[in-house]
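Commentary on secondary and tertiary structure
Residue strings, one per chain:
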Amino acid sequence: MRTSQKDFNDAVSQVKLLKEDPGNEVKLKLYALYKQATEGPCNVPKPGMLDFINKTKWDAWNALGSLSKEAARQKYVDLVSSLSTSSKSPSPETPAADRKPPEGNSLVVTSEDGITTIRLNRPTKKNALTTQMYHDIIAALQAASKDESTITVLTGSGDYYCSGNDLTNFTHLSAGGLEEMARSGEVLLRDFVDCLIDFPKPLVAVVNGPAVGISVTILGLFDVVYATDRATFHTPFSHLGQSPEGCSSYTFPKIMGSSKAAEMLLFGKKLTAQEACARGLVTEVFPDGTFQKEVWARLKAYSKLPPNALRISKQIIRKQEKEKLHAVNAEESSVLRERWLSDECMNAIASFLSRKAKL
Ligand SMILES: CCCCCCCCCCC/C=C/C(=O)SCCNC(=O)CCNC(=O)[C@H](O)C(C)(C)COP(=O)(O)OP(=O)(O)OC[C@H]1O[C@@H](n2cnc3c(N)ncnc32)[C@H](O)[C@@H]1OP(=O)(O)O
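Residues numbered from 1 in each chain as written. Predicted model: local features only at pLDDT ≥ 70, side-chain atom pairs only at ≥ 80, totals over all residues. Heavy atoms only, no water.

The helix and strand inventory of the chain stands at 13 helices and nine strands. By principal-axis analysis of the C-alpha atoms, the chain measures approximately 75 × 50 × 35 Å. In the chain, which comprises 359 residues, the proportion classed as buried is 47%. Counting contacts in the chain only where the partners sit at least 6 residues apart, residues at least 24 apart contribute 74% of the total. Total accessible area computed for the chain in this model is approximately 18000 Å², and 55% of it derives from carbon and sulfur atoms. Taking the 45 positively charged and 41 negatively charged side chains of the chain as two groups, their mean positions are separated by 3 Å. (Helix = DSSP H or I, 4+ residues; strand = E, 2+ residues; numbered from the N terminus. Buried < 20%, exposed > 50% of the residue type's maximum accessible area, 1.4 Å probe, protein only. Contact = heavy atoms within 4.5 Å. Areas by Shrake-Rupley, 256 points an atom, 1.4 Å probe, with all protein chains shown as cover. Lys, Arg positive; Asp, Glu negative; His and termini not counted. Charge placed at Lys NZ, Arg CZ, Asp CG, Glu CD.)

Within strand β4 (residues 203-207), five of the five residues are buried, which leaves it mostly tucked inside the rest of the structure. Both faces of β4 are covered, namely the face carrying L203, A205 and V207 and the face carrying V204 and V206. Sheet topology places strand β3 (residues 151-156) next to β4; four bridges connect them, and they run parallel. Within the sheet, the bridge partner assigned to V153 lies in β4 and is V204. Handedness of the crossover is the feature at issue here: the chain leaves β3, passes through helix α6 (residues 177-197), returns alongside β4, and the resulting connection is right-handed. Two strands pair when backbone bridges link them, and β4 and strand β6 (residues 224-228) are joined in this way by four bridges, in the parallel orientation. Counterpart to V206 in the pairing with β6 is Y226. (Pairing = 2+ DSSP bridges. Right-handed = clockwise from strand over helix to strand, strands pointing away.)

This paragraph deals with the sheet that holds strand β5 (residues 211-212). In space, the three strands of this open sheet follow the order β5-β7-β8, with mixed pairing throughout. Edge positions in the open sheet fall to β5 and β8 (271-272), since each of these has one partner strand only. Examined bridge by bridge, β5 and strand β7 (residues 232-234) share two bridges and lie parallel to one another. Bridge pairing links V212 to H234 in β7.

Take unusual backbone geometry next. The backbone of K126 sits at a positive phi, close to 55°, despite the residue not being glycine. Tracing the chain through its elements places K126 in the loop between β2 (115-120) and α5 (131-146). Note on K126: relative accessible area 32%, which makes it partly exposed. One non-glycine residue with positive phi stands out, namely N127, at about 60°. Secondary-structure assignment places N127 in the loop between β2 and α5. Looking at N127, the relative accessible area reads 0%, which means it is buried.

With that settled, the discussion passes to the packing of aromatic side chains. With the rule as written, the count across this model stands at seven aromatic pairs. A ring pair is formed by Y226 and F286, whose centres lie 5.5 Å apart and whose planes are at 90°; its orientation type is edge-to-face. Of this pair, Y226 sits in strand β6 while F286 sits in strand β9 (residues 284-286), and the two are 60 residues apart along the sequence. Each member of the pair, Y226 as well as F286, is classed as buried. Feature note: the residues F8, Y34 and Y76 constitute an aromatic cluster, connected by ring pairs. (Phe/Tyr/Trp six-rings, centres within 6.5 Å; stacked < 30°, edge-to-face > 60°.)

Take helix α8 (residues 248-256) next. Taken residue by residue, α8 has S248, T251, F252 and M256 as its buried positions. Across the axial projection of α8, the buried residues extend over an arc of 95°, all falling on one side. The inward-facing, buried residues of α8 abut α7 (214-217), α9 (258-265) and α12 (307-340). Positioned one or two residues after α8, G257 has a phi angle of 95°, which is positive. (Arc of directions from axis to C-beta.)

So, on to the pattern of salt bridges. Counted by the stated rule, this structure contains 18 salt bridges. Among the ionic pairs, D223 bridges to R318, the shortest N-O distance being 3.3 Å. With D223 in the loop between α7 and β6 and R318 in helix α12, this residue pair connects regions lying 95 residues apart in the sequence. Taking the relative accessible area as the measure of exposure, R318 reaches 18% and is therefore buried. Among the salt bridges present, the one from R279 reaches E263, with a minimum N-O distance of 3.1 Å. Placement of R279 in the loop between α10 (273-278) and β9 and of E263 in helix α9 is noted, with a sequence separation of 16 residues between them. Several salt bridges share partner residues, and in doing so they unite E186, R190 and R337 into one network. (Salt bridge = Lys/Arg side-chain N within 4 Å of Asp/Glu carboxyl O.)

Where strands meet in a sheet, backbone hydrogen bonds hold them as pairs that are either parallel or antiparallel. In space, the six strands of this open sheet follow the order β1-β2-β3-β4-β6-β9, with mixed pairing throughout. Two strands bound the open sheet, and with one partner strand each, they are β1 (107-112) and β9. Neighbour-to-neighbour, the strand axes of the sheet open up by a mean angle of 20°, direction not taken into account. (Axes fitted to C-alpha atoms, helices over the stretch in contact; angles between N-to-C directions.)

Structure (structure tokens):
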């Protein structure tokens, strides 16, 4: 059956009414099909390397080749129709466990039994860290350092611990352009890591699933790291045209030796939880089935220890390193600022956003 211009116009209007964000990949497909349906094959010059949002869009449109306007209209209508069906609200009978938790509250902070828990809560994005989340974690750590709790925990919701920096952070350009984005990124990164370096109470990572990028590098600044046996530890900086951060250029060689650290930080070797434990990055690994029960029981017992003694002991253990860690953090952040402006980095991010590469 042929798609009429009216079907197409209706589908264009329907997209604006979708209840759920269909995600970047689908939005890119819709964009490309729309352009093909309305203007025909891609007929504009390829945007420059640094203009990676428009370059990604151009790539998607250009990839449709000589597809006819009629066929593109049909594909657009079919795609919108599949989205409209899948984004209908769940019926009242849908069991709660089958529903995705809301995306609204990306960080959930709770305090109970002497433990303040900071939970990354963007499970549908594998808990990738938005710029807002870095700010919120800083605020949560500052509050936790002064609250009644004895121990502070960082963990994730859903099947991932954290997929690292949200790569769409790079697409939110302000009036100052790329340079300004890189400058503010450097300041945010430095503040975030400084806050971890200075955190005065026992800081525990409860790694409930795979961990990527900055969520791995900062583990050297935690006092204890518990991981499920499902967790993996991956720092794909070279693949992304980036460089190590979170003080890992200093803490990783110290923790695991320089050659093992290089395998992770230069070549992006992904470690299993057992390997990370053998290298000293993880304190203890638990079977996934009993992970939450065992870890929280242990933390509850530790939280009954005298809080002042814990603070003072942590201070003695970390004191010698603080100055060095702040210097390392400043240097890593400054090097990254340069990296973010490089073609290698731009290309890697554009490639992720257009879904050509997965790590
Ligand atoms: C200059 C501005 C910067 C400002 C901020 C500065 C602050 C400091 C920055 C410090 C530098 C940090 C460096 C890093 O952390 S490097 C590591 C970055 N992370 C990645 O490269 C991971 C990318 N993701 C993946 O490879 C895969 O998604 C993953 C293996 C994690 C999971 O694959 P899987 O197939 O299981 O799931 P999906 O790919 O379908 O993912 C589900 C949805 O989640 C989205 N997603 C996942 N990870 C990220 C991410 N890091 N950023 C953005 N979005 C992410 C993915 O796109 C899917 O979304 P859709 O359903 O909408 O398609």
